[in-house]
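Each chain is listed here by its residues.
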Amino acid sequence: MSEKNAIKALRDLGLTEYEARVYTALTRLKAGIASEIHQISGIPRPAVYGALKRLVMRGIVEVQPSKPMRYRVADPAAALERLKSSFMTDAEAALHALEEVYSADGSGREEEMGIWVHQGAGRVCEKVVEVLSRAERDILIINPALLESLGDLYNIFRHVNEIIKNIHERSVSIRAVSPEDTPSWNIPGAERRIHPWRERGICAMIPDRGDVLVVISGEREPIAITAGSALARMYRDLGEALWRASATTEVDASRRDQTTDGE
C-alpha cells in the first residue's frame, strides 16, 4: 500500500506513471542497473531507459558511467524539494499563461448573467474566503450570524472571522445587517445595523467588486451561490437599499455619539 501511495504522490508532483514506478523501484534497490529496475517495476525494459534518462535530467536520479550503467536515487528529501520547486515553477507559468488568456480583450464577451452553485463545506468556505479577499474598499454582509453557526458545525469555517478582521486591517470597510443585535459577532470596527431578516439560514456577502456570494445553510451541507457581473450589480443595489432601511444598533449608536462628543 505504501508503494502505491508513493507512486501516486510522485504522479501528483508531475512525474509520469513510468517515471514514478521506476523511481519507486530504484528507491527500494538504493542502486541498480536497468534490468534490475525492470524486474522490480514491471515496466518494459526499453521504457525503463527512457524514464531513467528523464529522472536523471530532473536531478533526482544519479548515474554511474559504468558498463552496464548503474543508477541510484538522490536523497529523497532533496529529490522532493526539486520536484516541488519544478512543480511550482510549472504551475506559476501555467497560471501566468491562463491569466493572459483570461484578461485578453473581452469586448465581444457577453456580460455574465448566470449563477454558479458550489456545494460542500470545504468548497463553500473557499468561496467565502475568495469573495472576502477580493473586496477593495467595502463589503456588506447580511446575516453574519450564519457564518458563526457554520463555524460551530464545520472546523474549516472557524477561521472566517479572523479573515474578516484581516481585511478590515487593510482598510476595507466592514458593514453588517443582522436580524437582531449580535454582539457575539465581534469584529472591531465593523458597523452593524438591524433589520427584521427572516431568512436566518441565508447569508449574503456583497463586496464592492467581484462576485456576490449567497451562502445557504442547507439541510445536509452548506451551499453557496455566486452571481455574475450583471446580477451582482442588482444584488449590490438591493443590499444598499436594505442597509439604508436598517436601524443602527445600540453599540454603533453609542460609538457614533462618543465620536461626536470628542469632536
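Our subject is the structure listed above.
Definitions and limits used
- Residues numbered from 1 in each chain as written.
- Predicted model: local features only at pLDDT ≥ 70, side-chain atom pairs only at ≥ 80, totals over all residues.
- Heavy atoms only, no water.
- Pairing = 2+ DSSP bridges.
- Helix = DSSP H or I, 4+ residues; strand = E, 2+ residues; numbered from the N terminus.
- Axes fitted to C-alpha atoms, helices over the stretch in contact; angles between N-to-C directions.
- Contact = heavy atoms within 4.5 Å.
- Buried < 20%, exposed > 50% of the residue type's maximum accessible area, 1.4 Å probe, protein only.

Taken in spatial order, the three strands make up an open sheet running β1-β3-β2, and their pairing is antiparallel. Each edge of the open sheet is held by one strand with a lone partner, namely β1 (31–33) and β2 (61–64). Adjacent strand axes in the sheet meet at a mean angle of 30 degrees, parallel and antiparallel pairs treated alike. Summarising the sheet, β2 and strand β3 (residues 70–73) pair through four bridges and their orientation is antiparallel. Bridge pairing in β3 places V61 opposite V73. Docked against the sheet, helix α2 (residues 17–29) engages β1, β2 and β3, running at close to 90 degrees with respect to β3.

With that out of the way, let us pick up the sheet that holds strand β5 (residues 138–142). Ordered by their spatial adjacency, eight strands build an open sheet running β4-β10-β9-β8-β5-β6-β7-β11, and the pairing between neighbours is mixed. Where the open sheet ends on each side, the last strands, each with one partner, are β4 (115–119) and β11 (247–248). As paired elements, strand β6 (residues 173–178) and strand β7 (residues 191–194) share four bridges and run parallel to each other. Residue pairing across strands places R175 opposite E191, the latter belonging to β7.

Turning next to the environment of T24. With respect to the helices and strands, the residue T24 is situated in helix α2. Its relative accessible area of 9% is what places T24 among the buried residues. For the pair T24 and E3, spaced 21 residues apart in the sequence, the C-alpha separation amounts to 7.1 Å. Discounting chain neighbours no more than four positions away, the residues touching T24 are E3, A6, I7 and L10.

By themselves, these are just geometric observations and shouldn't be taken as functional.
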